[in-house]
Amino acid sequence: MRASILRHHSPSRRLGAAGIGLALVAGSLLGASATQPAQADVNTVQTINSSSIVWGPANIVTGTLHNGFGFRADPGLVGWTFSAFQEIGALSLSRDGVGWDFAADTHSVNTRVGGKSVITLTGNTGETFAEAYTVTLTLTIEGNYARWSYSIAGDNADTLTATFAGAFAARHTSVIEATATTLLAHNVDASGPPAPITGISVKTDGLAPTLTSDSDSGEFSASTTGAGSFEVTALLVDYPVGAPSSLNAALAFTRPLLANIDAHFGETHLAPGAPLSFQNASVIQGTPVDTELTTTIGEELIDMGYFLLPGLDATARATGLPAGLTLTTIIGDKPTAEEDAEPEVIWPEEGEEILPVPRPALDARVAADAPAEAPISFRLSGTATTPGVYTVPVTIYLAIPKDAFPGTTDGQELPFPQPIGVYPLDTTLTVTVAPRVSNESPTPTAPAETPGSTATPTGAAAPPVGTPPGTTPGSARGGSALPTTGGDFGALALPIGLLAAVGAVLLLGARRRRAAE
C-alpha cells in the first residue's frame, strides 16, 4: 500500500499553475471523504459537525469516533491540521479475567450542524459476569470538545474495572505529555503531517484512574475500578502549522484549558498562535478615513508562500468593526510558476491506503524570487459614527471559489458544509474612535457595542495609543502614522511550502526541474 504521490512527465492528470492551490485543497477535502464507508451503515453517523471540528464516522453501537479535524461551520473554513485520532471511545469492563466490550442495544441520536450534538447509548453485559450491569453512554460533542460520560449500574461494581481506549493519529504524534488525569499529544517535527493539539481528561468516582500511552503507536487508555460514573473528555485545538512560535503559543493556550476542562467544555476556540498582527488604529468620529494599516507578518508565513499560492487569495473577515468602517484586503502580484513546474497528480486507486502527507506549496526558487514583503495589505476606510475603543476579531484565510468542490470523486456530496476558505489566521485589530471636536454640546449618547467586538467609551479626546514592546523581524506594512507592534516571529524560516492540509489524498507542488534533470 502506498500514499498518493506527485510525479512528473507521466500520463496522469496535469494541473496548471493557476489550479495548483485549488487542487491541493480539493485533495484535502476529498481525503476526509475517502475515510467514509462507500455504503451507508445504519450503525454509523458519517460526520458530526460542531462549530469548529468535524468528527466521524461515529459508531452508535460501540460509541467510538474517528478522525476529528478543524473546520469552522461558520463561515466554512478548513483548518491547518489532519485528523486527531485513529479511533477513540472503546469501553470495556473486566473482572477476574473476564471481559465485555461495550455494545449498545438501544440508541438515541440528536446531531446539530454547528451546534451541540448528543448521542445516548445503552447496553447490558447480560450473562458475561455473575451480575448483569447496565451501561449508559452519553456522548456530547460541542465546540472543540467531545465527552464520553458513562453510567455503570449493577451489584458488586466496586470490583469491576472499566477501561477507555483510543489511539492518537500515530503518524502525527511525537510527544505525549501526561499527568495523573490528563494526556496532551502534539507533534514537534515540522516535516511530518500535523495533527491538532489533542488533550484527554479523565474523571471517575471510582479509584484514581491509571493512564497509559505509547507515542509510537499512538495508543492510549484510562482505567478505573469501582466506578459508577466514568467520564473522558477530548479537546482538539487547531493552529497554524510549521512555525515554532505558533506551536508554542498553541500549547500555552491549550494546557490551561485541559487543566480546567469542565469550565471550558463546549467552547469554540480559534487557532491560536497566528504569526500576524495589526497595529492599533485611531480615527475621529465623523471624519472620513482611508488608510493602510500597519501589519507585522511573521517571516515564516512569507517563507512558506502563504500569500503566494495560485488560485487562493488571502481575505480578511472582521467581526464587529465600529459602525461605518470597513476592512479591505488588497492583493499584490504573485509570482507565476513556469510551465515545466506544473505538477502531475497520481490519484489513489481502489484498494490503496490513503496516507496523509505534507504538501509543498511553491518551488523554492519561485519563493526566492518573491519580494521580501508579503504581497498583501489591509485598508481601513469609511466614517466611524460612535466613539469608543473597539477590539475587533479578524480572521485572514485563503479564499476558494464558490462551489469549487461540489462533491467527492465518486459523485457524493462533501461530508461537511461547503467551505469558503482554508488555513485561517486569527488576530485582533484595536480601533479607537475619538469623539469629534465641536464647539457645540451635542446630546451625549452611549457608545454602541457592535456584536463580536469590545467597546470602551472614550472621554473628550482619544486616549494615547501605546506602542507594545518588542517589534520583531517580519514584513511591516503601512504608514508611519501608526505605531509599530507585533509578536516575536523573527528568525523562524520554514522549509518552503510547509502548509498542511486536512486528510490529504494527493501530494502537490510546483517543483521546477533542475538544469541537471
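My aim in this report is to walk through the structure given alongside it, one point at a time. These numbers come from a predicted model, not from an experiment.

About the thresholds
Residues numbered from 1 in each chain as written. Predicted model: local features only at pLDDT ≥ 70, side-chain atom pairs only at ≥ 80, totals over all residues. Heavy atoms only, no water. Helix = DSSP H or I, 4+ residues; strand = E, 2+ residues; numbered from the N terminus. Buried < 20%, exposed > 50% of the residue type's maximum accessible area, 1.4 Å probe, protein only. Contact = heavy atoms within 4.5 Å. 1 Å grid on protein atoms, 1.4 Å probe; cavity = no way out; pocket = protein on both sides within 12 Å on 5 of 7 lines; lining within 4 Å. Points joined across faces, edges and corners; volume = space filled by probe spheres on them. Nonpolar A, V, L, I, M, F, W, Y, C, P; charged D, E, K, R; others polar. Polar contact = N/O pair within 3.5 Å; in protein donor to acceptor, adjacent residues only side chain to side chain. Salt bridge = Lys/Arg side-chain N within 4 Å of Asp/Glu carboxyl O. Core = buried A, V, L, I, M, F, W, Y, C linked by side-chain atoms within 4.5 Å. Pairing = 2+ DSSP bridges. Phe/Tyr/Trp six-rings, centres within 6.5 Å; stacked < 30°, edge-to-face > 60°. Lys NZ or Arg CZ within 6 Å of the ring centre and 35° of its normal.

Topic: the overall build of the chain
Each helix and strand in the chain was counted, giving 5 helices and 32 strands. Looking at the chain as a whole, 53% of its 517 residues are labelled buried. Sequence-distant contacts in the chain: of pairs separated by 6 or more residues, those separated by 24 or more amount to 74%.

Quick notes on empty space enclosed by the protein
Tallying each qualifying case throughout the model produces 4 cavities of 30 Å³ or more. In terms of lining, the largest cavity is formed by 13 residues, of which the most central are Ser52, Gly70, Arg72, Asp238 and His269. Here the lining of the largest cavity gets 3 residues from one element, more than from any other, and that element is strand 6 (residues 65–72). In terms of residue class, the lining of the largest cavity is built from 6 nonpolar, 5 polar and 2 charged.

Considerations on the side chain of Thr427
Mapping Thr427 onto the fold places it in strand 30 (residues 421–434). With a relative accessible area of 15%, Thr427 lands in the buried category. Polar contacts involving the side chain of Thr427 include one to the main-chain carbonyl oxygen of Leu276, which spans 3.4 Å. Thr427 has contacts with Leu276, Ser277, Phe278, Val392, Pro393 and Val394, leaving out every residue within four places of it along the chain.

Quick look at the pattern of salt bridges
Scanning the entire structure with this criterion turns up 9 salt bridges. A salt bridge links Arg317 to Asp74, with the shortest nitrogen-to-oxygen separation between them at 3.7 Å. Remark: Asp74 occurs in the loop between strand 6 and strand 7 (77–78) and Arg317 occurs in strand 25 (residues 313–318); sequence separation between them is 243 residues. Overall, Asp74 belongs to the exposed group, its relative accessible area being 60%. Between Glu231 and Arg147 there is a salt bridge; the shortest N-O distance is 3.5 Å. You can see Glu231 sitting in strand 20 (residues 229–237) and its partner Arg147 sitting in strand 13 (residues 145–153), a full 84 residues away along the chain.

Quick word on the nonpolar core
Counting residues in each nonpolar core, the largest one holds 56 residues, and the members touching the most others are Tyr306, Phe307 and Ile396. Examining the composition of this core, we find that 6 residues originate from one element, strand 30, more than from any other. Ala58, Leu93, Phe102 and Ile200 belong to the second largest nonpolar core, which has 44 residues in total.

A short note on the pairing of strand 11 (residues 117–124)
The alternating pattern of strand 11 places Ser117, Ile119, Leu121 and Gly123 on a buried face and Val118, Thr120, Thr122 and Asn124 on a face that is not buried. In the sheet, strand 10 (residues 106–110) pairs with strand 11 via 5 bridges, with the strands oriented antiparallel. Across the sheet, residue Val109 finds its bridge partner in strand 11, namely Ile119. The hairpin turn running from strand 10 into strand 11, its antiparallel successor, is 6 residues long, and Gly114 in that turn takes a positive phi close to 80°. As paired strands, strand 11 and strand 12 (residues 134–142) are joined by 8 bridges and run antiparallel to one another. Bridged to Ile119 within strand 12 is Leu139.

Observations concerning the packing of aromatic side chains
What the rule picks out here adds up to 15 aromatic pairs. A ring pair is formed by Phe85 and Phe168, whose centres lie 5.8 Å apart and whose planes are at 20°; its orientation type is stacked. Linking Phe85 in strand 8 (residues 85–95) with Phe168 in strand 14 (residues 161–168), this pair joins segments that are 83 residues apart in sequence. Here Phe85 matches Phe168 in class, with each residue buried. Look at Tyr150 and Phe230: their rings are 6.3 Å apart centre to centre, the planes differ by 35°, and that puts the pair in the tilted class. Here Tyr150 is found in strand 13, whereas its partner Phe230 is found in strand 20, with 80 residues between them in sequence. Pair check on accessibility: Tyr150 and Phe230 agree, each one buried. Among the aromatic side chains, those forming a connected cluster through ring pairs are Trp100, Phe102, Trp148, Tyr150, Phe164 and Phe230. In this arrangement the basic side chain of Arg147 is found over the ring face of Phe265, its NZ or CZ atom lying 4.2 Å from the centre.

Geometric descriptors of this kind do not, in isolation, establish any biological role.
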